[in-house]
Amino acid sequence: MTDQLTVFKLKQDIAAGRIKSREITKAILDRISRYDSAIGAYLSVFADKALQQAQAVDDKIAAGQPVGPLAGVPIAIKDNLCYTEGLTTCGSKILGNFKPPYNAHVVEKLLAADAVILGKTNLDEFAMGSSTENSGLQKTVNPWDKTRVPGGSSGGSAASVAAGLCCAALGSDTGGSIRQPASFCGIVGLKPTYGRVSRYGLVAYGSSLDQIGPMTTCVKDAAILLQVLAGHDERDSTSVSTETAAVPDYLIALEQAVTGLKIAYVPQFIEQAEAPVRDAIKSALELYKSLGANLVEVQMPHFDYSIAAYYVIATAEASSNLARFDGCHYGYRSPSARDYVEVYSKSRAEGFGAEVKRRIMLGTFALSSGYYDAYYLKALKVRNLIRKDFTEAFAKADCLMMPVAPSTAFKIGEKTNDPLQMYLADIYTIAVNLAGVPGLSIPCGFDGNRLPIGLQIIGPTFSEDKLLRIAAIFESKTDYHLQKPEFK
Amino acid sequence: MSNQINRQQVEQVAHLSRLDLTDQELDLFSGQLSSIVEYIQKLNELDTQNVEPLAHSLPVHNVFRPDIPRPSLGTEKALANAPDRVDDFFKVPQILDDNSGA
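Before going into details, it helps to say that this report is about the structure given with it. (Residues numbered from 1 in each chain as written. Chains lettered and ligands numbered in written order. Predicted model: local features only at pLDDT ≥ 70, side-chain atom pairs only at ≥ 80, totals over all residues.)

A look at the overall build of chain A
Secondary structure summary: chain A contains 17 helices and eleven strands in total. Scaling as 2.2 N^0.38, a compact globule of 488 residues should have a C-alpha radius of gyration of about 23 Å, and chain A matches this with 21 Å. Dimensions of chain A, computed from C-alpha atoms along their principal axes, come out at roughly 60 × 55 × 50 Å. Counting over 488 residues, chain A shows a buried share of 61%. Sequence-distant contacts in chain A: of pairs separated by 6 or more residues, those separated by 24 or more amount to 76%. (Helix = DSSP H or I, 4+ residues; strand = E, 2+ residues; numbered from the N terminus. Rg over C-alpha atoms; globule rule 2.2 N^0.38 Å. Buried ≥ 20, exposed ≤ 12 C-beta atoms within 10 Å, placed from the backbone. Contact = placed C-beta atoms within 7 Å.)

Printed below as a string of structure tokens:
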């Protein structure tokens, strides 16, 4: 029953009474208890609550009552999204016992859509990282090879989808944290346009970059989830109004024909990647070409500066956002703090892990007197140049294609001693957040070790409908998304 | 400008960040932050004299809502995660000394 779990099939089967939500929820919970001790995708599982939610949907259907668009579908959420059930830890000791007093906007949306929430997934602490190794609470491995990382920071969400430990998951993406783990785990991951999905109840990392999105086994499921998540929310002041950008029907968009598709690519970006990634991206472009798409070569001269700009801007925002962890209102307080300054400085020193401390320090440095112009202001100007690169590319083509990451999933521990090397692996994903445009990762091949490779499709702001449609074409001609990791 | 962050600067930044770091952490971060900051100098290769800074990818405006009172969290929910409390207050160590006259 848990083979080839898709949201679109399952919701139909449940709505038609062919499958009971309670049965499928129970089956997935059983898989979690059998397999997750070796994978480590979940930080918490709400078995009783999930079964109650499933039963409620089954009861509604039996009574002939209307149900929501995710009725009875078991979903996992990243543990930086507030949910009043259980804890929301952000993978951090500082929030190790935090029970949110409210639900995130996206959690409200899932519940209103009658979804079943299975549990909370592991992440790099405060979503800062590219491998989930920075989680202060547990390790997550890649279901395709347990000696390798699942990617990050939404590594738990990606691993749970890939391993069939949920039907779909939510992640968050500040510099690639949905797309890169999706690529490493062989699933679909969508970072929507900045402002498309409300960030209310998402624990903030880099507020001008953060965006929540779906992680699924196929493109259609990503469309179904985005439909539920997208829209205006007055509690997030950067949430886009429907007058600025109406939410289209993403499922209808999927069915529409694509004619005269123009795909931009930057030859060096593809050549720079490791050979298996390079070859898979080239094959994907060839496939589109064979289907009638025009490939348009473009240059993006400022793209190469995106990592430098990002690690100023994101850390500056993080240093400000994480100032709220003060040991006073919620979260960890050091038992050895003797005065109020030590309540701050000891609680934070004991509660945060190394990467979070590094980023707070870097951001504080970049914003500090005497360095603000040289670093922060400079980075904001470069951000404008990077956005211009995208605008110019999109003037010539419908979308841009490139790798998600330069390599497939790397070994656990391989990059942990050198933070800069870890940062540099985010070269293809970070510029998308700086420009605020949407980006999608879909499975497009495997390397010699049978590790998945992702194709990144990037479009102008609010072009999610078109990106999903373009991705669906590739998916309909290939079977990479149907392949699953084998594990016992 | 020097590309290196020296140990003294790291201590100052740790202080500003309210992070009570160990000597070992200060040593580690001095090296790591130096190499990251050195990498960030790459931004100086670009001439940005006539470029506007971009703080937000979308045009963002002030968002107002009608000034109508509405329910908020409530005392118990707001205090539920407090590390320490007394009655309806967050409890913290004494801030002013007894002789400050405040």
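Considering the overall build of chain B
Broken down by element type, chain B carries three helices and two strands. When the helices and strands of chain B are placed in sequence order, the string is α-α-α-β-β. Rg of the C-alpha trace for chain B: 23 Å, well past the compact-globule value of 13 Å for 102 residues, more than 25% over. Taking all 102 residues of chain B together, the buried fraction comes to 19%.

Overview of the pairing of strand β4 (residues 168-173) of chain A
All names here are of chain A. Counting buried positions along β4 yields six of six residues, so the element is predominantly enclosed. Residues A168, L170 and S172 line one face of β4 and the alternating positions A169, G171 and D173 line the opposite face, and both faces are buried. Two elements, β4 and strand β6 (residues 211-216), share five bridges in a ladder whose sense is antiparallel. When the sheet's bridge partners are listed, G171 is paired in β6 with G213. (Pairing = 2+ DSSP bridges.)

Here's the deal with unusual backbone geometry
Look at the link from A:G152 to A:S153: it is a cis peptide, with omega at 10°. Residue position: A:S153 is located in the loop between β3 (116-121) and α5 (155-162). Here A:C90, not a glycine, exhibits a phi torsion of approximately 55°, which is positive. Exposure remark for A:C90: the 31 C-beta atoms within 10 Å place this residue in the buried category. Although it is not a glycine, B:D87 adopts a positive phi angle of roughly 50°. If you trace the backbone, B:D87 turns up in the loop between β1 (85-86) and β2 (89-90). Looking at B:D87, the number of C-beta atoms within 10 Å reads 7, which means it is exposed.

Quick look at the packing of helix α2 (residues 21-39) of chain A against helix α3 (residues 47-62) of chain A
Residues and elements named next belong to chain A. Put simply, α2 and α3 touch, their axes get as near as 8 Å, and they point 160° apart. Classified by the interaxial angle, the pair formed by α2 and α3 is roughly antiparallel. Relative to α3, the crossing made by α2 is right-handed. Residue-level contacts link S21, R22, T25, K26 and L29 of α2 to A47, A50, L51, A54, Q55, V57 and D58 of α3. A class-by-class count of the residues in the contact of α2 with α3 yields six nonpolar, three polar and three charged. (Axes fitted to C-alpha atoms, helices over the stretch in contact; angles between N-to-C directions. Parallel < 35°, antiparallel > 145°, perpendicular 65-115°, else oblique. Left-handed = near helix turned anticlockwise from the far one by under 90°. Nonpolar A, V, L, I, M, F, W, Y, C, P; charged D, E, K, R; others polar.)

A closer look at helix α4 (residues 105-112) of chain A
Among all positions in α4(A), only A:H105, A:V106, A:V107, A:K109 and A:L110 are buried. Positive backbone phi, at 70°, marks A:D114, one or two positions downstream of α4(A).

Here's the deal with the interface of chain A and chain B
On the side of chain B, 43 residues touch chain A, which itself brings 55 residues to the contact. At the level of elements, α11 (306-321), α12 (340-351), α13 (354-367), α14 (372-396) and α15 (419-424) of chain A are the ones that each hand at least two residues to the side of chain A that touches chain B. At twelve residues, α14(A) tops the list of elements feeding residues into the side of chain A that touches chain B. Split into classes, the residues belonging to the side of chain A that touches chain B amount to 30 nonpolar, twelve polar and 13 charged.

What about the sheet that holds β6(A)?
All names here are of chain A. An order of β1-β3-β2-β4-β6-β5-β10-β11-β9-β7-β8 is seen for the eleven strands of this open sheet, with the pairing classed as mixed. Every other strand in the sheet has two partners, leaving β1 (42-45) and β8 (294-297) as the edge strands with one partner each. The average angle at which neighbouring strand axes cross in this sheet is 30°, direction not considered.

Considering helix α7 (residues 219-229) of chain A
Among the eleven residues of α7(A), eleven are classified as buried, and the element is accordingly described as predominantly covered. Downstream of α7(A) by a residue or two, A:G231 has a phi angle that is positive, lying close to 135°.

Looking at the environment of B:R85
All names here are of chain B. Positionally, R85 belongs in strand β1. Among the residues examined, R85 registers 12 C-beta atoms within 10 Å and is labelled exposed. Taking C-alpha positions, R85 is 38 Å from L33, a pair spaced 52 residues apart along the chain. Setting aside its immediate chain neighbours within four residues, R85 contacts L79, F90 and K91.

Some remarks on the environment of A:P335
Residue and element names in this part refer to chain A. The topology assignment puts P335 in the loop between α11 and α12. What makes P335 exposed here is the crowd of 9 C-beta atoms within 10 Å. Residues P335 and M422, spaced 87 residues apart in sequence, show a C-alpha to C-alpha distance of 34 Å.

Looking at the packing of α11(A) against α14(A)
Residues and elements named next belong to chain A. For the pair α11 and α14, interaxial distance at closest approach is 9 Å and the crossing angle is 125°. Taken together, the axes of α11 and α14 lie oblique to each other. As α11 runs across α14, the sense of the crossing is left-handed. Judged by residue contacts, S306, A309, V312, I313 and A316 of α11 engage Y375, Y376, A379, L380, V382, R383 and I386 from α14. Class assignment for the residues of the contact of α11 with α14 results in ten nonpolar, one polar and one charged.

Function-wise, these values are silent; they only describe arrangement.
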